[in-house]
Protein chains: 6
Amino acid sequence: MTIAVYAGTFDPVTNGHLDIAVRAAGLFDKLYVAVAQETGKNTLFSLEERVQLIRQELSGVANIEVVSFDGLLVDFAHKIGANTIVRGLRAVSDFDIELQMALMNKEMAADLETVFLPTSPQYLFISSSIIKNVASLQGDISRLVPERVLLALEKKLSQI
Amino acid sequence: MTIAVYAGTFDPVTNGHLDIAVRAAGLFDKLYVAVAQETGKNTLFSLEERVQLIRQELSGVANIEVVSFDGLLVDFAHKIGANTIVRGLRAVSDFDIELQMALMNKEMAADLETVFLPTSPQYLFISSSIIKNVASLQGDISRLVPERVLLALEKKLSQI
Amino acid sequence: MTIAVYAGTFDPVTNGHLDIAVRAAGLFDKLYVAVAQETGKNTLFSLEERVQLIRQELSGVANIEVVSFDGLLVDFAHKIGANTIVRGLRAVSDFDIELQMALMNKEMAADLETVFLPTSPQYLFISSSIIKNVASLQGDISRLVPERVLLALEKKLSQI
Amino acid sequence: MTIAVYAGTFDPVTNGHLDIAVRAAGLFDKLYVAVAQETGKNTLFSLEERVQLIRQELSGVANIEVVSFDGLLVDFAHKIGANTIVRGLRAVSDFDIELQMALMNKEMAADLETVFLPTSPQYLFISSSIIKNVASLQGDISRLVPERVLLALEKKLSQI
Amino acid sequence: MTIAVYAGTFDPVTNGHLDIAVRAAGLFDKLYVAVAQETGKNTLFSLEERVQLIRQELSGVANIEVVSFDGLLVDFAHKIGANTIVRGLRAVSDFDIELQMALMNKEMAADLETVFLPTSPQYLFISSSIIKNVASLQGDISRLVPERVLLALEKKLSQI
Amino acid sequence: MTIAVYAGTFDPVTNGHLDIAVRAAGLFDKLYVAVAQETGKNTLFSLEERVQLIRQELSGVANIEVVSFDGLLVDFAHKIGANTIVRGLRAVSDFDIELQMALMNKEMAADLETVFLPTSPQYLFISSSIIKNVASLQGDISRLVPERVLLALEKKLSQI
């Protein structure tokens with residue numbers, strides 16, 4: 001039985017993230033979507049908000065479980081019995097950093113594999129950062145995030 | 001009639017920026033050089049200083065107009081009637097980010113094209129960041145920025 | 001007046017080529033689509049076939065003229081009075097080769113600019129080579145080339 | 001149940017290929033290692049030899065089956081009931097071509113996912129081409145291919 | 001006589017840095033390992049600590065001298081009579097930035113060459129940043145840094 | 001004493017090659033410029049012609065010796081007592097292939113280092129292939145190759 005984990009900050013989740021999660025869920029027996037507590041940098045949304053936003057979008061996929069985690073991903077993967085780390089790949093600069101992380105994770109946990117899924121073409125240009133930046137400048141992101149995320153972003157940004 | 005906009009922070013303008021602007025002005029009927037107010041990060045020069053430094057260098061090119069803007073570039077482009085965004089390309093890591101921005105802008109404004117001009121070989125290594133870094137360490141940048149920018153940098157850095 | 005030239009082997013033209021051509025035609029006063037005689041390597045379609053296939057797809061765009069050429073592109077550009085070379089950009093390995101060609105062309109003809117247009121996301125994976133390869137293996141390419149090209153490919157490949 | 005296919009020319013199989021195959025077999029219920037008949041270019045080893053060389057190395061992995069195939073990989077994947085294509089990733093130029101192939105395969109068969117496994121660091125520089133080239137010049141490749149492949153290469157190259 | 005300088009922040013030194021230093025020392029008559037005072041960003045270890053950590057690891061290499069420096073590397077290179085700057089190369093995004101720095105240094109000091117050594121495969125994924133990040137999350141980095149650095153990291157991180 | 005070898009096909013030598021050779025000669029006690037017999041692909045110039053063309057350009061550099069070689073570069077390096085392989089780097093796709101070759105050579109000969117010198121900006125776009133291609137189409141390459149190479153190319157191409 002293959003248990004996979006797809007981790008990220010998801011601040012907030014985008015249609016690109018959801019695309020990877022749903023496709024990965026089709027490949028493995030179980031997929032944990034793991035939201036990083038991410039103490040190192042400021043997030044726009046709290047951990048609870050980030051978990052909730054992604055959970056309500058993926059509640060319809062039976063073998064996906066949305067969880068939060070703290071510390072090293074490889075430690076968390078071991079704890080939940082995962083043997084695979086799933087990552088989405090968009091561009092060449094992604095690839096460099098992702099390869100570095102995959103090799104580092106392999107060094108720390110030889111029993112864990114990292115598999116990369118290529119991002120669908122229509123989401124190649126989306127990242128949470130660019131979404132937040134464009135939204136803060138009143139740009140139209142309605143095709144790039146789920147409607148509930150759109151509303152949450154508008155509400156959050158109006159409070160700043 | 002093709003109206004193009006070449007936007008950036010220009011903190012400060014370099015010979016590489018001027019090279020792109022002058023070459024782009026030769027391709028389009030009108031070129032707006034648009035200096036971003038850039039509220040998100042600290043700049044060494046104020047918006048007014050950045051506009052003035054680039055304006056005096058480009059005053060001899062008839063179809064160039066130097067302006068400042070705030071908010072989304074695609075919104076500004078629409079306001080001034082531009083149908084083209086001009087970008088300079090230096091390196092592969094530029095290319096990734098630039099392609100992401102171009103696709104995002106296309107998503108927000110399907111009527112706007114982004115065109116890339118390759119940087120001239122002698123300016124491939126110049127960026128405003130590296131210029132400021134080297135200048136702050138008393139390195140010789142006299143062949144990389146116009147003389148007025150050199151003087152402005154010296155004056156500004158002596159005040160820090 | 002800006003006259004641009006978009007050159008290639010077009011063996012055969014794909015929807016990706018047509019996308020670049022139509023978008024470029026919107027930026028310049030006149031766009032020559034220049035089909036290379038390409039004596040160096042074997043083509044599946046003859047020069048006449050390649051010109052005809054692309055011409056019939058672009059006949060509806062008033063400021064596009066489809067022509068063939070031989071020899072150096074910069075010499076041809078001078079002959080037709082073009083001051084701009086248009087190139088489509090798909091990927092990083094494209095970028096390297098394209099930058100090399102653009103700098104070489106600039107070396108040979110300092111008055112000619114090369115501008116790059118990013119390929120639309122849905123065509124990022126298309127090239128004439130991959131189209132021919134997939135078609136020869138009976139793969140479905142109907143969304144990737146115009147219908148007349150599809151028919152021409154089927155006919156041509158059945159003759160081999 | 002996830003059935004994956006790892007396809008290639010394997011002319012001949014290297015330790016890098018075997019590393020990917022064994023790791024992929026740990027992720028999926030069944031892994032087909034599919035040797036391409038590859039009519040388009042000359043191979044050093046015949047299809048039968050390539051199949052045999054890889055089969056004897058992987059015979060100890062219960063859920064791996066080595067097969068040969070002809071035509072489009074997506075058609076073969078459908079025939080054997082696979083829902084995943086496995087690819088190894090070594091370098092950036094790999095990534096460009098691999099992403100192009102993955103998107104093309106997705107276009108032809110939306111139900112098939114491509115997943116990439118990063119090559120282990122010690123095999124980053126190995127390819128069948130470089131192995132053949134070095135072997136033909138009497139270089140030492142004993143740590144890069146299985147012993148049976150080493151012997152097969154020596155025998156084959158002595159016959160040329 | 002060729003005198004080379006290998007500069008960095010070394011916060012802290014890793015096995016990857018040591019690998020480059022030792023290999024470079026074999027190529028040149030004298031190698032200065034130059035620890036940057038690096039006033040621009042916060043370091044985990046003080047300049048003195050960084051110098052000491054790297055010095056004790058390289059004390060056994062006769063033609064290496066560990067020093068600290070401030071200001072432009074090219075000025076420091078001139079001061080110590082170096083004619084070569086040594087850099088390690090790991091990945092493509094390294095390459096872009098490194099090439100930019102090498103060309104900028106050449107612009108400032110035409111008499112200085114930059115030479116790049118490829119990182120050994122087993123260290124491709126190591127950087128001081130990732131080491132600090134993993135160590136702060138209690139990950140195992142014992143194969144990636146010398147033992148004294150491991151102890152220094154544990155001590156330092158327990159004090160935060 | 002550091003003996004380095006700079007190998008290539010040099011079909012024909014370009015100003016970019018000469019730039020690397022002269023700069024490398026300044027870094028090492030002795031530099032062999034090694035012209036590959038290159039049995040695998042067709043060259044425009046014979047081995048003797050390639051050696052002669054490069055030798056006459058570099059005869060003024062005291063510590064350079066131009067030689068030809070056959071077989072593996074690492075074997076040749078051992079034979080002449082070289083401990084360093086010099087390579088020029090132009091672009092990212094170069095980097096991938098060069099890194100692969102450097103790691104392969106390290107695998108075959110652990111005592112040999114590969115060092116990369118970045119190409120000077122004005123030669124970033126030059127390769128022997130593009131030089132031959134442009135020359136065959138009567139393009140102006142007079143600033144890209146030495147005069148004797150220009151004449152040799154004209155003579156050779158007029159005979160085809």
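In case you missed it, the structure is sitting above this.
Please read these numbers as outputs of a predicted model, since none were measured by experiment.

What counts and what doesn't
- The residue count restarts for each chain, going from 1 along the sequence in the order it is written.
- Think of it this way: whatever chain is written first is A, whatever ligand is written first is 1, and the rest follow in order.
- Under the rules for a predicted model, residues below a pLDDT of 70 receive no local features and side-chain atom pairs below 80 are neither given nor counted, while totals for whole chains, interfaces and linings still include all residues.
- Only hydrogens and water are removed before side-chain values are computed, so all heavy atoms of the structure are retained for them.
- Counting from the N terminus, the helices are the DSSP runs of H or I reaching at least four residues and the strands are the DSSP runs of E reaching at least two.
- Each radius of gyration reported is based on C-alpha atoms, and the globular scaling rule is 2.2 Å times the count of residues to the power 0.38.
- Contact definition: two residues touch when any of their heavy atoms are within 4.5 Å.
- Per-residue and other accessible areas follow the Shrake-Rupley method at a 1.4 Å probe size, with only the shown protein chains counted as cover for residues.
- The charged-residue count follows a simple rule in which Lys and Arg add positive charge and Asp and Glu add negative charge, with His and chain termini not counted at all.
- Taken as the charge location is NZ of Lys, CZ of Arg, CG of Asp or CD of Glu.
- Using a 1.4 Å probe on the protein chains alone, a residue whose accessible area is under 20% of its type maximum counts as buried, one over 50% counts as exposed, and one in between counts as partly exposed.
- Note on pairing: DSSP must find at least two bridges between two strands before they are called paired.
- A crossover counts as right-handed when, viewed with the strands pointing away from the observer, the path leading from the first strand over the helix to the second turns clockwise.
- A cavity here means a set of points on a 1 Å grid, drawn over the protein atoms and nothing else, where a 1.4 Å probe fits but cannot get out; a pocket is an open set with protein on both sides within 12 Å along at least five of seven lines, and a residue lines either one if it has an atom within 4 Å of a point.
- Grid points are joined across faces, edges and corners, and a volume is the space filled by probe spheres set on the points.
- Note on terms: buried area is the combined drop in 1.4 Å-probe accessible area of two parts once they are placed together, counting the loss on both.
- Whenever a carboxyl oxygen of Asp or Glu lies within 4 Å of a side-chain nitrogen of Lys or Arg, that contact is scored as a salt bridge.
- Polar contact is the term for a pair of N or O atoms within 3.5 Å; when the atoms are in protein, one must be able to donate a hydrogen and the other to accept it, and sequence-neighboring residues count only if both atoms are side-chain atoms.
- Throughout, the ten residues Ala, Val, Leu, Ile, Met, Phe, Trp, Tyr, Cys and Pro are labelled nonpolar, Asp, Glu, Lys and Arg are labelled charged, and all others, Gly among them, are labelled polar.
- For helices, the axis comes from a line fit to the C-alpha atoms of the stretch in contact; other axes are also lines fit to C-alpha atoms, and the angle between any two N-to-C directions lies between 0 and 180 degrees.
- Should an angle fall under 35 degrees it is taken as roughly parallel, and over 145 as roughly antiparallel, whereas 65 to 115 is taken as roughly perpendicular and any remaining angle as oblique.
- By convention, the crossing between two helices is left-handed when the near helix turns anticlockwise from the far helix through less than a right angle, and right-handed when the turn is clockwise.
- Only residues with pLDDT of at least 70 in both copies count here: their C-alpha atoms drive the least-squares fit that superposes the copies.

Structural notes on the overall build of chain A
Broken down by element type, chain A carries six helices and five strands. Beginning at the N terminus, the succession of helices and strands in chain A can be written as β-α-β-α-β-α-β-α-β-α-α. Computed over the C-alpha atoms, the radius of gyration of chain A is 15 Å, within 12% of the 15 Å expected from 2.2 N^0.38 for a compact globule of 160 residues. Oriented by its inertia axes, the alpha-carbon framework of chain A measures out at about 45 × 30 × 30 Å. Looking at chain A alone, contacts between residues at least 24 apart form 76% of all its contacts between residues at least 6 apart. Total accessible area on chain A stands at roughly 6500 Å², and carbon and sulfur atoms take up 48% of it. When the 14 basic and 19 acidic side-chain charges of chain A are each reduced to a single mean position, those positions are 4 Å apart.

Here's the deal with the pairing of strand β1 (residues 3-8) of chain A
Residue and element names in this part refer to chain A. Counting buried positions over the six residues of β1 gives six, a clear majority of the element. Here β1 shows two buried faces, one formed by Ile 3, Val 5 and Ala 7 and the other by Ala 4, Tyr 6 and Gly 8. As paired elements, β1 and strand β2 (residues 30-36) share six bridges and run parallel to each other. Bridging from a neighbouring strand, Ala 4 pairs with Leu 31 of β2. With helix α1 (residues 15-25) bridging β1 and its parallel neighbour β2, the resulting β-α-β unit is right-handed. Where β1 lies against strand β4 (residues 84-89), three bridges are found, and the strand directions are parallel. What sits directly across from Tyr 6, in β4, is Val 86.

Some words on the layout of surface pockets
Counted as a void, the second largest pocket has a volume near 560 Å³. Lining the second largest pocket are 34 residues, and of these D:Pro121, D:Gln122, E:Pro121, E:Gln122 and E:Tyr123 lie nearest its centre. Counting only elements with at least two residues in the lining of the second largest pocket, the list comes to α4 (92-108) and β5 (113-118) of chain A together with α4 (92-108) and β5 (113-118) of chain F.

Brief notes about the interface of chain E and chain F
Listed by partner, the interface residues are 25 residues for chain E and 25 residues for chain F. Together, the buried faces of chain E and chain F total about 2000 Å²; carbon and sulfur atoms form 70% of this surface. Taken together, the connections running from chain E to chain F amount to two salt bridges. Here E:Arg23 makes a salt bridge to F:Glu113, at a shortest N to O gap of 2.9 Å. Where chain E touches chain F, the interface holds five residue pairs in polar contact (both at pLDDT 80 or more). Residue assignment for the side of chain E that touches chain F shows that the elements contributing at least two residues are β4 (84-89), α4 (92-108) and β5 (113-118) of chain E. The leading source of residues in the side of chain E that touches chain F is α4(E), at seven residues. Class assignment for the residues of the side of chain E that touches chain F results in 14 nonpolar, six polar and five charged.

Re the packing of helix α1 (residues 15-25) of chain D against helix α2 (residues 47-58) of chain D
All names here are of chain D. Relative orientation of the contacting elements α1 and α2 amounts to 50°, with a least axis distance of 11 Å. With respect to α2, the element α1 is oriented oblique. At the point where α1 passes α2, the crossing takes the right-handed sense. Residues Leu 18, Ala 21 and Val 22 of α1 touch α2, and the partners they reach there are Ile 54, Glu 57 and Leu 58.

Focus on the interface of chain D and chain A
At the interface, 25 residues of chain D touch 25 residues of chain A. Carbon and sulfur atoms supply 69% of the area buried between chain D and chain A, which totals about 2000 Å² over both sides. Here chain D is connected to chain A by five residue pairs in polar contact (both at pLDDT 80 or more). Looking at the side of chain D that touches chain A, the elements that each hand over two or more residues are β4 (84-89), α4 (92-108) and β5 (113-118) of chain D. Tallying contributions element by element places α4(D) first for the side of chain D that touches chain A, with seven residues. Its residues assigned to classes, the side of chain D that touches chain A shows 14 nonpolar, six polar and five charged.

Side note on the relation of the copies chain E and chain F
Overlay of chain E on chain F (RMSD 0.0 Å): rotation 180°, translation along the axis 0.0 Å. Such a combination of rotation and displacement between the chain copies is what one expects of a two-fold axis. Distance from the rotation axis, computed per C-alpha, reaches its smallest value in chain E at E:Phe116: 2.4 Å.

Some remarks on the arrangement of the chains
For chain B and chain D, which are not in contact, the least C-alpha distance works out to 11 Å. Across the gap from chain C to chain E, with no contact made, the nearest C-alpha atoms are 11 Å apart.

Description of the relation of the copies chain D and chain A
Of the two same-sequence chains, chain D is brought onto chain A (RMSD 0.0 Å, axial shift 0.0 Å) by a rotation of 180°. The share of interface residues of chain D whose copies in chain A are also at the interface is 100%, consistent with both copies meeting through the same surface.

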